[in-house]
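# Descriptive analysis of the structure
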Amino acid sequence: MTRQELVNVLLKRASGKPGTRGEAFAPANIALCKYWGKRDAELNLPVNSSLSISLGKLGTKTVIKFSKTADKIFLNGKPAPKAFAARLSAYLDLFRNEGQFFEVRTKNNIPTAAGLASSASGFAALVKALDQLLGWGFNPRELSMLARIGSGSASRSLYEGFAVWHAGQRADGMDSYAEALNREWPSLRIGILEVSKARKKTGSTEGMNRTSETSELYESWPKQAECDFDELRTAIAAEDFPMLGKTAENNALAMHSTMLAAWPPLCYWKPQSIALMQKVWAAREAGIELYFTMDAGPNLKLLFLKEDQAAVKALFPKVQVVNPWI
Ligand code: 2P0
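Reading guide: rules and limits
Residues numbered from 1 in each chain as written. Predicted model: local features only at pLDDT ≥ 70, side-chain atom pairs only at ≥ 80, totals over all residues. Heavy atoms only, no water. Phe/Tyr/Trp six-rings, centres within 6.5 Å; stacked < 30°, edge-to-face > 60°. Helix = DSSP H or I, 4+ residues; strand = E, 2+ residues; numbered from the N terminus. Buried < 20%, exposed > 50% of the residue type's maximum accessible area, 1.4 Å probe, protein only. Lys NZ or Arg CZ within 6 Å of the ring centre and 35° of its normal. Near = heavy atom within 4 Å. Polar contact = N/O pair within 3.5 Å; in protein donor to acceptor, adjacent residues only side chain to side chain. Areas by Shrake-Rupley, 256 points an atom, 1.4 Å probe, with all protein chains shown as cover. Nonpolar A, V, L, I, M, F, W, Y, C, P; charged D, E, K, R; others polar. Domains from an automatic or database assignment. Salt bridge = Lys/Arg side-chain N within 4 Å of Asp/Glu carboxyl O. Contact = heavy atoms within 4.5 Å. Buried area = accessible area lost by both parts, 1.4 Å probe. Axes fitted to C-alpha atoms, helices over the stretch in contact; angles between N-to-C directions. Parallel < 35°, antiparallel > 145°, perpendicular 65-115°, else oblique. Left-handed = near helix turned anticlockwise from the far one by under 90°.

### Re the packing of aromatic side chains
Applying the stated criterion to the full structure yields ten aromatic pairs. Look at Tyr35 and Trp165: their rings are 4.7 Å apart centre to centre, the planes differ by 70 degrees, and that puts the pair in the edge-to-face class. With a gap of 130 residues between them, Tyr35 in the loop between strand 1 (21–33) and strand 2 (38–40) and Trp165 in strand 8 (residues 162–165) connect regions that are remote in the sequence. Trp165 matches Tyr35 in its accessibility class, with the two residues each being buried. Seen in terms of ring centroids, Phe95 and Trp136 are 5.2 Å apart; in terms of plane orientation they differ by 45 degrees. Their pairing is tilted. With Phe95 in the loop between helix 2 (82–92) and strand 7 (101–108) and Trp136 in the loop between helix 3 (119–134) and helix 4 (140–150), this pair connects stretches of sequence that are 41 residues apart. The pair Phe95 / Trp136 is uniform in exposure class, with both members buried. Lying over the aromatic face of Phe316, Lys279 brings its terminal NZ or CZ to 4.9 Å of the ring centre.

Here is the structure:
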């Protein structure tokens, strides 16, 4: 099945009438059980289910209107870079009628430098704004499927707080959607530790494809991810922070291990990333309940509880603390 065929199936369910404008916000999200590997690259269907936490007010706001001539795409108040605009226009092709163009203004309030201004909040905000402009009247599950075909992790950015993205089994991906866990954990905090602002050489899509095609260790990944997904759900239900932290950190390190065993090898870490990991391990040995997770990049995201915030800030003066619940 192609993306266009999937979109056509969903659009048959649309109920409303087009308006003149759409405006929406979607948060960035950090996976505690990672999405790493596709069972279908065309439809962005994942090998494993994943679980994330959204970053509250940090994310993307997007306004969309119709445009008379060509698409006009702005990022943070300026005409968007070519590659960004091309990716967005190609996505909009899935929805446009003949001769229809769009004006899209998208703004990130995530510090781009922290490597978090990913495609996730961008595609989620765009899909929500499109739903308003084109009057689809879709529910969050349907919107998460549309966001998914823009970028897999965007499916989870439809929600605040914890979100799960079910891998599903169907070839058409109609059972691969995200939903909210609807479970608040008000004392949970995320700390962003920036290691590098540089653009990564290998994007996530290429990275996960190379890993699943060449890494012997990838064979063990789906099984571990499935266990971690269940453990995290249990930890969240029980508000068991050590269990959550341990599972998330181990999941991230297992994902990075599959990459190191790929060929050519894939290592997103910088020397400073490793130094920071070791600092986290030393802090834990000294009795602080502190854990980390890392995505396809060199930056660390710390996980800790509000009561340890002062200790974490003392150890990592540059940490940017995010409260996911506001
Ligand atoms: C995640 N990542 O679960 C994992 C962890 C990176 C490492 O989702 O190809 O940009 O657009 O579906 O969503 C990044 O992958 O990839 C990602 P595509 P996406 O957050």
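There is more to say, and it comes next.
### What to know about the site of the ligand
Close to the ligand lie 17 residues, the nearest being Tyr35, Lys38, Gly152, Ser153 and Thr205. Gly152 is positioned such that a nitrogen or oxygen atom in its backbone is 2.7 Å from an oxygen atom of the ligand. Arg156 places a side-chain nitrogen or oxygen 2.9 Å from an oxygen atom of the ligand. When the ligand sits alone it has 470 Å² of accessible area, and the protein chains cover 92% of it. Among the elements that take part in the shell around the ligand, helix 5 (residues 204–214) stands out by supplying three residues, more than any other. Broken down by class, the residue content of the shell around the ligand amounts to five nonpolar, seven polar and five charged. If you count residues domain by domain, the shell around the ligand takes at least three from each of domain 1 (3–180) and domain 2 (188–322).

### Section: the pattern of salt bridges
When the charged atoms of two side chains lie near each other, side chains of opposite charge can form a pair. With the rule as written, the count across this model stands at 13 salt bridges. The residue Glu103 makes a salt bridge to Arg105 at a minimum N-O spacing of 2.9 Å. Among the residues examined, Arg105 registers a relative accessible area of 39% and is labelled partly exposed. Linked through salt bridges whose partners overlap, the residues forming this network are Arg21, Glu23 and Lys61.

### Here's the deal with the domain arrangement of the protein chain
By convention, interface size is frequently given as the accessible area that disappears when the constituent parts associate. On domain assignment, one finds that the protein chain holds domain 1 (3–180) and domain 2 (188–322). The C-alpha centroid of domain 2 is placed 25 Å from the C-alpha centroid of domain 1. Residue-level contacts link 25 residues of domain 1 with 38 residues of domain 2. Both faces considered, domain 1 and domain 2 share a buried interface measuring about 2,500 Å² in area, 75% of it formed by carbon and sulfur atoms. Summed over the shared surface of domain 1 and domain 2, the number is one salt bridge. Across the pair Asp295 and Lys34 runs a salt bridge whose closest N-O atoms are separated by 2.6 Å. Where domain 1 meets domain 2, there are seven residue pairs in polar contact (both at pLDDT 80 or more). Listing elements by their share of the side of domain 1 that touches domain 2, those giving two or more residues are strand 1, strand 4 (50–67) and strand 8. Counting residues per element, the side of domain 1 that touches domain 2 draws most heavily on strand 4, which supplies five residues.

### Some thoughts on the packing of helix 1 (residues 3–11) against helix 4
Following both chains from N to C, one finds helix 1 and helix 4 inclined at 165 degrees, their axes separated by 11 Å at the closest point. The orientation of helix 1 relative to helix 4 falls into the category roughly antiparallel. Between helix 1 and helix 4 the crossing geometry is left-handed. Each of Arg3, Leu6, Val7 and Leu10 in helix 1 lies in contact with helix 4, whose residues at this interface are Glu142, Met145, Leu146, Arg148 and Ile149.

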